[in-house]
Amino acid sequence: MVKQTGTAKLSFGDTDLELPMYSPTMGPDVIDIGKLYAKGGVFTHDPGFTSTSSCESAITFIDGDKGELLYRGYPIEQLAEKSHYLEVCYLLLYGELPNAEELENFENRVTRHTMVHEQLTVFFSGYRRDAHPMATMVGVVGALSAFYHDSLDINDYQQREIAAVRMIAKVPTIAAMAYKYSIGQPFVYPKNALDYASNFLYMCFSVPAEEYEVNPILARAMDRIFTLHADHEQNASTSTVRLAGSSQANPFACIAAGIACLWGPAHGGANQAALEMLKEIGSVDRIPEYVARAKDKNDPFRLMGFGHRVYKNFDPRAKVMKESADEVLELLGIENNPTLQVAKELERIALEDEYFIEKKLYPNVDFYSGIILEAMGFPTSMFTPIFALSRTVGWISQWKEMLGDPALKIGRPRQLYTGEPRRDYVDVENR
Ligand code: SDX
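Residues numbered from 1 in each chain as written. Predicted model: local features only at pLDDT ≥ 70, side-chain atom pairs only at ≥ 80, totals over all residues. Heavy atoms only, no water.

### Quick look at the overall build of the protein chain
Counted only if it meets this: The helix count covers DSSP runs of H or I at least four residues long, the strand count covers runs of E at least two residues long, and both are numbered beginning at the N terminus. Throughout, exposure labels follow a simple rule: accessible area from a 1.4 Å probe, protein chains only, divided by the maximum for the residue type, with under 20% read as buried, over 50% as exposed, and the rest as partly exposed. By definition, residues are in contact when any of their heavy atoms lie within 4.5 Å. Each accessible area is a Shrake-Rupley result for a 1.4 Å probe, and residues are judged covered by the shown protein chains and nothing else. Residues scored as positive are Lys and Arg, those scored as negative are Asp and Glu, and His as well as the terminal groups of each chain are ignored. We put the charge of a Lys on NZ, of an Arg on CZ, of an Asp on CG and of a Glu on CD.
Per the secondary structure count, the protein chain includes 18 helices and six strands. Principal-axis analysis of the C-alpha atoms gives the protein chain an extent of 75 × 65 × 55 Å. Relative to its 431 residues, the protein chain shows a buried fraction of 48%. Across the protein chain, contacts joining residues at least 24 apart in sequence account for 69% of those joining residues at least 6 apart. Taken as a whole, the protein chain presents about 21500 Å² of accessible surface, with 52% of it coming from carbon and sulfur. Of the side chains in the protein chain, 42 bear a positive and 57 a negative charge, and the two mean positions are spaced by 4 Å.

The following block contains the structure:
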């Protein structure tokens, strides 16, 4: 529990209040308004939560002005370069980098849970083949609670642990199954001799009719994309998972809620929307037309993959993603990829434009990721499922942290009511 480090004085009408303030390890101080309604009879009002701390957390820190992202204190750039996704999963879940034995044990635990209940394959057949893979992922992940009854009791630490490991282990298998189902190919079982990222590529791109060799360059790039998307403080989908978890819903239902929220184009759906936008622009000479549209208040068009609620500087993940895009496309011999050329020129033009400078709009994590994923062979419909796969460890880590808080209360915001005052029912003949 944080200690009070100050007091905020609040005066309105004939009320004078003193509210406790707390100081974080890093970032802005907070004012605890928990007793404001009881003491002052008023609510705070902050639609979109632009100035609201919803919880205490020790997992991820973002400095939007500096463009800094830390997982348990470690900079994302260092983890993307030196670590790998399952080690990052351990770090996010348990707070420290594992030693060699801890890492091996954790990787073995995850590996042993990569298969899903065989009955789940039937579940997929209820969907149309052209269903968006996010539609199948939301449904199938939510359905896991029907199959794994021994990891539903959120009050049992061991059950929370096994649910976390199952989610991390099975979400790549489910995402790959969603892809295979959408292209009419047979599901491919996980191959546990492969590392996490290689196994995902294998389940997506191998077919029973022939041998499939995972390209180690693509596997390393895939693993790095997983790491870059693993967690991101209290974003919309993580807040959704926390709110669902605060009602004591089972872990699979909470993760399904997070997947549903991430699907939106303003959030995780932006990577699909960004690549589709880059392809619609098509060539460098059409960029000014789209930049003008993005600035036009009367045009709902926005530059997808640009802007961020928190980052008012470069999203550090976008920098790593851009370097990775250069590296992967060059290694694949497609460095002249027209979409990448459009993306780089669009970034250059936008960052010189007064509108984007004034509003501090920079490329975010979604701006370059689609270019790499397309080069790997994924259709745009698989971009957000891959984001959901990567973010599952962040969601489940935040969910576990919340449930570990003895002061946990159900999340239940209030409102600014602007509807009708009380009035009596009017019979239809008198209306
Ligand atoms: C993710 O929260 C997270 O951490 C999310 C995420 C994560 O890892 O979980 O980082 C992942 O969701 C990244 C964001 C992906 N979304 C997109 O790329 C969609 C395009 N971007 C925007 O829709 C927007 O920038 C948001 C949703 C990301 C942020 O929106 P905010 O914070 O609510 O900001 P805003 O909409 O109030 O915009 C501020 C101003 C507005 O102009 P004014 O009304 O002040 O005149 O900037 C403008 C906006 O019109 N603006 C843009 C723009 N983004 C904001 N103008 C043109 N193009 C854009 N992309």
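### Regarding unusual backbone geometry
Phi at Glu 233 is positive, roughly 60°, even though this residue is not glycine. Position of Glu 233 relative to the elements: it lies in the loop between helix H9 (216-228) and helix H10 (236-246). Residue Glu 233 is classed as partly exposed on the basis of its relative accessible area, which comes to 27%. Although it is not a glycine, Lys 360 sits at a positive phi angle of roughly 55°. The residue Lys 360 is located in the loop between helix H16 (354-358) and helix H17 (366-376) in this model.

### What to know about the packing of aromatic side chains
Our working definition: Any Phe, Tyr or Trp ring, taking Trp's six-membered ring, that has another such ring centre within 6.5 Å forms a pair; planes under 30 degrees apart are called stacked, those over 60 apart edge-to-face, and the others tilted. Two conditions define a charge sitting above a ring: the NZ of Lys or the CZ of Arg must be within 6 Å of the ring centre, and it must be within 35 degrees of the ring normal.
Overall, the coordinates contain 23 aromatic pairs when judged by the stated rule. Centroid distance Phe 124 to Tyr 181: 6.1 Å. Interplanar angle 50°. Geometry classified as tilted. Highlighted residues: Phe 124 in helix H5 (residues 120-124) and Tyr 181 in helix H7 (residues 157-182), separated in sequence by 57 residues. Tyr 181 shares its class with Phe 124; the two are buried. Judged by centre distance (5.9 Å) and plane angle (85°), the ring pair of Tyr 196 and Phe 226 falls under edge-to-face. With Tyr 196 in helix H8 (residues 196-205) and Phe 226 in helix H9, this pair connects stretches of sequence that are 30 residues apart. With a relative accessible area of 0%, Phe 226 lands in the buried category. Grouping aromatic residues by their ring pairs yields a cluster made of Tyr 85, Tyr 179, Tyr 196, Phe 200, Phe 205, Phe 226 and Phe 378. Against the face of Tyr 181 rests Arg 129, its NZ or CZ located 4.1 Å from the ring centre.

### Details of the environment of Ile 281
Counting through the fold element by element, Ile 281 comes out in helix H12 (residues 270-281). Sequence spacing of Ile 281 and Leu 346 is 65 residues, and the spatial spacing of their C-alpha atoms is 9.7 Å.

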